[in-house]
Amino acid sequence: MKLIKPILLIVLVMAAQGIKADSLISGQDKNYIAYGAIMMMLILLVIVMLVLLRTFKVLTKIIIGPEAYATMKAEEAAAKIKLKPKTSVVERLLELKPLDEEAALIIPHDYDGIQEIDNPIPSWFTGLFYATIVFAIGYLLVYHVFGIGQLQYAEYNTEMAVAAKEKEVFLSKSANRVDENSVKLSVEPGVIADGQSIFKLNCVPCHGDHAQGVVGPNLTDDYWLHGSKISDVFKTVKYGVAAKGMPTWEKQLSPKQIADVANYIKSLHGSNPANPKEAQGEKEVEDVVKAAPKTANAAAAK
């Protein structure tokens, strides 16, 4: 009993702390706590049963007296020493009675001369049945009474939220795996906006605030020095052109940032800014995919 009191006190304190910090505990952690609570309750139940068994033995010894109790224990020990008939594994598992004892198990009725033997249910099966009852009560308390565990819909929502965060992390990592061979032309507003911010911060001194060209070439006309495809623009920004004074941005910008600024440059085609620099390079046909958002992108650039 001295051991049970501190255990119960710890359980109550943990339960009180769990209620206060409920919003800080994830659904998976709540499940682990629920499993631990169930196991602790089962252990406490076993301890209580052992204590009661010990109490009954002591009471029996006090009621019948020490001498009678010693005699009873001696008879029990003698009975255990007696050899029992050998039984098969199946008989021991099913706790079947020997054939010479079946007469005592016959139920006093018959149908067309057929008699029925009342074999008892195996103790392991009975114990398993009671264990399912204890489990059902624990499950009911944990999931439907105290709400410690999550039901299937709440657990589904929690798993979906976790999956969404994992997807976001995966996509952020995947975005930085892009290179000149895998970069794709994009007209998404978020990509263009990110690219515009990077361009304004790093590219304006050489190409102008509207990419009309200053020291560097005009990026809005049909003429290109190093190719007009999105892969060509990505490669030029990434590795630079040392002979023309174009620095490499591979160390300063991530692959995603290079892809964003390359897509922003592609979106400026045909925006016709004021005071454009004279054409440089060769005339190349613009990609068809960016014809639709040209007007919106040109307005955003201005």
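Residues numbered from 1 in each chain as written. Predicted model: local features only at pLDDT ≥ 70, side-chain atom pairs only at ≥ 80, totals over all residues. Heavy atoms only, no water.

Draft legend 1. Spotlight on the overall build of the chain. Along the chain, the regular secondary structure elements total eleven helices and four strands. The 302 residues of the chain split such that 24% are buried. Sequence separation of at least 24 residues holds for 64% of the intrachain contacts in the chain that already meet a minimum separation of 6. As presented, the chain carries roughly 21,600 Å² of accessible surface, and 65% of it is formed by carbon and sulfur atoms. (Helix = DSSP H or I, 4+ residues; strand = E, 2+ residues; numbered from the N terminus. Buried < 20%, exposed > 50% of the residue type's maximum accessible area, 1.4 Å probe, protein only. Contact = heavy atoms within 4.5 Å. Areas by Shrake-Rupley, 256 points an atom, 1.4 Å probe, with all protein chains shown as cover.)

Draft legend 2. Structural view of helix H5 (residues 123-145). The first and last C-alpha atoms of H5 sit 32 Å apart over 23 residues, in line with the 33 Å expected at 1.5 Å per residue. The complete set of buried residues in H5 reads Gly 138, Val 142 and Tyr 143. (Expected span 1.5 Å × (residues − 1).)

Draft legend 3. View of unusual backbone geometry. Positive phi outside glycine occurs at Asp 112, with the angle close to 55°. Considering the arrangement of structural elements, one finds Asp 112 in the loop between strand S1 (106-111) and strand S2 (114-117). Positive phi, close to 50°, is recorded for Asn 275, a residue that is not glycine. Tracing the backbone shows Asn 275 in the loop between helix H10 (255-267) and strand S4 (282-283). Overall, Asn 275 belongs to the exposed group, its relative accessible area being 69%.

Draft legend 4. Main features of the pairing of S1. Relative to S2, S1 runs antiparallel, the two being bridged by three bridges. Following the sheet pairing, Asp 110 is matched in S2 by Gln 115. Counting the residues that bridge the hairpin from S1 to S2 gives two residues, and of these Asp 112 lies at a positive phi of roughly 55°. (Pairing = 2+ DSSP bridges.)

Draft legend 5. Structural view of the side chain of Asp 221. Position of Asp 221 relative to the elements: it lies in the loop between helix H8 (204-207) and strand S3 (223-224). For the buried Asp 221, which has no salt bridge, the nearest side chain bearing the opposite charge is Lys 277, at an N-O separation of 10 Å. When sequence neighbours within four positions are dropped, the list of residues in contact with Asp 221 reads His 269 and Ala 279. (Lys, Arg positive; Asp, Glu negative; His and termini not counted. Salt bridge = Lys/Arg side-chain N within 4 Å of Asp/Glu carboxyl O.)

Draft legend 6. Summary view of the pattern of salt bridges. One pass over the full model with this rule turns up three salt bridges. For Lys 238, the salt bridge is made with Glu 180, and the minimal N-O distance between the two is 3.3 Å. Taken together, the residues Lys 238 in helix H9 (residues 230-239) and Glu 180 in the loop between helix H6 (152-175) and helix H7 (189-202) connect sequence positions 58 residues apart. Owing to a relative accessible area of 14%, Lys 238 belongs among the buried residues under this scheme. Asp 260 serves as the salt-bridge partner of Lys 256, at 2.9 Å between the closest nitrogen and oxygen. With Lys 256 and Asp 260 both in helix H10 and four residues apart, this pair spans about one turn of that helix. Relative accessible area serves as the criterion here: at 6%, Asp 260 is assigned to the buried category.

Draft legend 7. Geometry of the nonpolar core. One finds Val 183, Phe 199, Val 233, Phe 234, Val 237, Val 261 and Ile 265 to be the most contacted residues of the largest nonpolar core, which totals 22 residues. Where this core is concerned, the elements lending two or more residues are H7, H9 and H10. Per element, the largest residue contribution to this core is six residues, and it comes from H10. Residues in contact with Phe 199, not counting those within four places in the same chain, are Val 204, His 207, Gly 208, Asp 209, Ala 211, Leu 219, Val 261, Tyr 264 and Ile 265. (Core = buried A, V, L, I, M, F, W, Y, C linked by side-chain atoms within 4.5 Å.)

Draft legend 8. Looking closely at the packing of H9 against H10. Across the interface, H9 lies against H10 with an axial gap of 9 Å and an inter-helix angle of 125°. In terms of orientation, H9 and H10 fall into the oblique class. For the element pair H9 and H10, the recorded crossing hand is right-handed. The residues of H10 that touch H9, namely those facing Ile 230, Val 233, Phe 234, Val 237 and Lys 238, are Pro 255, Ile 258, Ala 259, Val 261, Ala 262, Asn 263, Ile 265 and Lys 266. Class assignment for the residues of the contact of H9 with H10 results in ten nonpolar, one polar and two charged. (Axes fitted to C-alpha atoms, helices over the stretch in contact; angles between N-to-C directions. Parallel < 35°, antiparallel > 145°, perpendicular 65-115°, else oblique. Left-handed = near helix turned anticlockwise from the far one by under 90°. Nonpolar A, V, L, I, M, F, W, Y, C, P; charged D, E, K, R; others polar.)

Draft legend 9. Fine view of the packing of H7 against H10. For the pair H7 and H10, the least separation of the axes is 7 Å and the interaxial angle reads 95°. Comparing their axes, H10 and H7 come out roughly perpendicular. Counted together, Val 191, Ile 192, Asp 194, Gly 195, Gln 196, Ile 198, Phe 199 and Lys 200 of H7 and Lys 256, Gln 257, Asp 260, Val 261, Asn 263, Tyr 264, Ile 265 and Ser 267 of H10 form the full contact between these two elements. In terms of residue class, the contact of H7 with H10 is made up of seven nonpolar, five polar and four charged.

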